Amino acid sequence: PTSTTTETITGKGQEFEFKAETQQLLDIVIRSVYTDKEIYVRELISNASDALEKRRHLEMTMPDKWGPEADDEPPCIKVDVNSDTRQFVITDTGLGMTKE
């Protein structure tokens, strides 16, 4: 099965590389935790929920900078399923991580 990922990124992006030891540890964690598909899906939805919480927090604490615009989508997490391709897509309207 193939998957496609689309994400809207605003601002400058920056890539970081892990040290070899850290990368090996991450590989072990990924293999042990994310081989169970149910746990993986729960983690993705949890991450989307965290992104919504970040959005809510910034809208409340910094309304001049992060206040909702008239055309903003309301906070939500969507799970779309395509039974023909046996894929599902999880999207959210939250805010992702930044370097800070």
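Owing to the predicted nature of the structure, the values given are computational and were not obtained by experimental measurement.

Participant: Any chance you could explain a nonpolar patch on the surface here in plain terms?
Facilitator: Taken together, the side chains of Ile45, Ile77, Val79, Val81 and Phe88 make up a nonpolar region of the molecular surface, amounting to roughly 420 Å² of accessible area. The dominant element in the nonpolar patch, judged by the number of residues it contributes, is strand S1 (residues 77-82), at three residues. Along the chain, the position of Ile45 falls in helix H2 (residues 37-61).

Participant: For this particular structure, what's the right way to read the pairing of S1?
Facilitator: Two faces, one strand: in a regular strand the side chains alternate between the faces of the sheet. As judged from the six bridges shared by S1 and strand S2 (residues 87-92), these two strands associate in the antiparallel manner. Across the sheet, residue Ile77 finds its bridge partner in S2, namely Asp92. Here S1 folds back onto S2, and the loop between the two strands holds four residues, one of which, Arg86, carries a positive phi near 60°.

Participant: Help me out: how do you make sense of the pattern of salt bridges in this one?
Facilitator: When the charged atoms of two side chains with opposite charge come close together, those side chains can pair. Under the criterion given, the structure shown has three salt bridges. Across the pair Arg56 and Glu53 runs a salt bridge whose closest N-O atoms are separated by 2.5 Å. Placement of both Arg56 and Glu53 in helix H2 is noted, with a separation of three residues, approximately one turn of the helix. Classification of Arg56 as partly exposed rests on a relative accessible area of 39%. Among the ionic pairs, Arg55 bridges to Glu59, the shortest N-O distance being 3.0 Å. Here Glu59 and Arg55 lie together in helix H2, a separation of four residues that amounts to about one turn.

Each value, and the rule that gives it
Residues numbered from 1 in each chain as written. Predicted model: local features only at pLDDT ≥ 70, side-chain atom pairs only at ≥ 80, totals over all residues. Heavy atoms only, no water. Patch = residues over 30% accessible without salt bridge, like charges linked within 9 Å, V, L, I, M, F, W, Y side chains within 5 Å. Areas by Shrake-Rupley, 256 points an atom, 1.4 Å probe, with all protein chains shown as cover. Salt bridge = Lys/Arg side-chain N within 4 Å of Asp/Glu carboxyl O. Helix = DSSP H or I, 4+ residues; strand = E, 2+ residues; numbered from the N terminus. Pairing = 2+ DSSP bridges. Buried < 20%, exposed > 50% of the residue type's maximum accessible area, 1.4 Å probe, protein only.

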